[in-house]
Amino acid sequence: HIHYCLVLNIVATPITSFISSRQVVEVVQDALIAHQDAYEDCDILHRDLSVGNIMVHENEGILIDWDLAKL
């Protein structure tokens, strides 16, 4: 088992601090696209999609916490 740590130079906010329902939908869509890309391009499943693992940065969704990801 190999553990990797990725550090980003951005500060994101939790999805729970959304400003509108439209933003929630767009941010969740971004996270789902990231998950789809990871699976289709690299055969990686995130396996922990949850409210706590979707962050917002400049109105874009970021899928974080890939600790449980499986190849």
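Scroll up a little and you will see the structure.
Not measured: the values here are computed from a predicted model.

Okay, the pairing of strand E2 (residues 54-57) next. One ladder, built from 2 bridges, connects strand E1 (residues 13-14) with E2; its direction is antiparallel. Across the sheet, the residue bridging to Thr-13 is Val-56, located in E2. Strand direction decides the pairing type here: E2 and strand E3 (residues 60-63), joined by 4 bridges, are antiparallel. Across the sheet, residue Met-55 finds its bridge partner in E3, namely Ile-62. Joining the antiparallel neighbours E2 and E3 is a turn of 2 residues, in which Glu-58 adopts a positive phi near 50°.

In this section: the environment of Trp-66. Take Trp-66: it is sitting in the segment after E3. The contacts of Trp-66, once residues within four sequence positions are left out, are Ala-34, Ala-38, Ile-44 and His-46.

Strand order in this open sheet of 3 strands is E1-E2-E3, and the pairing throughout is antiparallel. Sheet topology places E1 and E3 at the edges, where each strand pairs with a single neighbour.

A few words on helix H1 (residues 21-42). Between its first and last C-alpha atoms H1 spans 31 Å; for 22 residues at 1.5 Å apiece the expected length is 32 Å, and the two agree. When we look at burial in H1, the residues that qualify are Gln-23, Val-27, Ala-31, His-35 and Ala-38. Each buried residue of H1 lies within a common arc of 110° when the element is viewed along its axis, so the set occupies one face. Along H1, the residues that are exposed and aim more than 90 degrees away from the buried face are Ser-21, Arg-22, Val-25, Glu-40 and Asp-41. Where H1 is buried, its residues touch E2 and E3. Looking one or two residues past H1, Asp-43 carries a phi angle of roughly 55°, positive in sign.

Okay, unusual backbone geometry next. Note: most residues except glycine have negative phi, and most peptide bonds are trans. We note that Glu-58 has phi near 50°; this positive angle belongs to a residue other than glycine. With respect to the secondary-structure elements, Glu-58 resides in the loop between E2 and E3. Located in the positive-phi region is Asp-65, a residue other than glycine, with phi close to 60°. In this fold, Asp-65 is placed in the segment after E3. A relative accessible area of 32% means that Asp-65 is categorised as partly exposed.

Conventions we followed
- Residue positions are counted from 1 within each chain, in the order its sequence is given.
- Totals for whole chains, interfaces and linings use all residues, but because this is a predicted model, local features are given only for residues with pLDDT of at least 70 and pairs of side-chain atoms are given and counted only at 80 or more.
- In computing side-chain properties, one takes all heavy atoms of the structure into account and sets aside hydrogens as well as water.
- Strand pairing is defined by DSSP finding a minimum of two bridges between the two strands.
- Numbering of helices and strands runs from the N terminus; a helix is a DSSP stretch of H or I covering at least four residues, while a strand is a stretch of E covering at least two.
- Any two residues having at least one pair of non-hydrogen atoms within 4.5 Å are treated as being in contact.
- Here a helix's expected span is defined as the number of its residues, less one, multiplied by 1.5 Å.
- Burial classes follow relative accessibility: with a 1.4 Å probe on protein chains only, a residue under 20% of its type's maximum area counts as buried, one over 50% as exposed, and anything between as partly exposed.
- What the arc covers is the set of directions going from the helix axis to the C-beta atoms.

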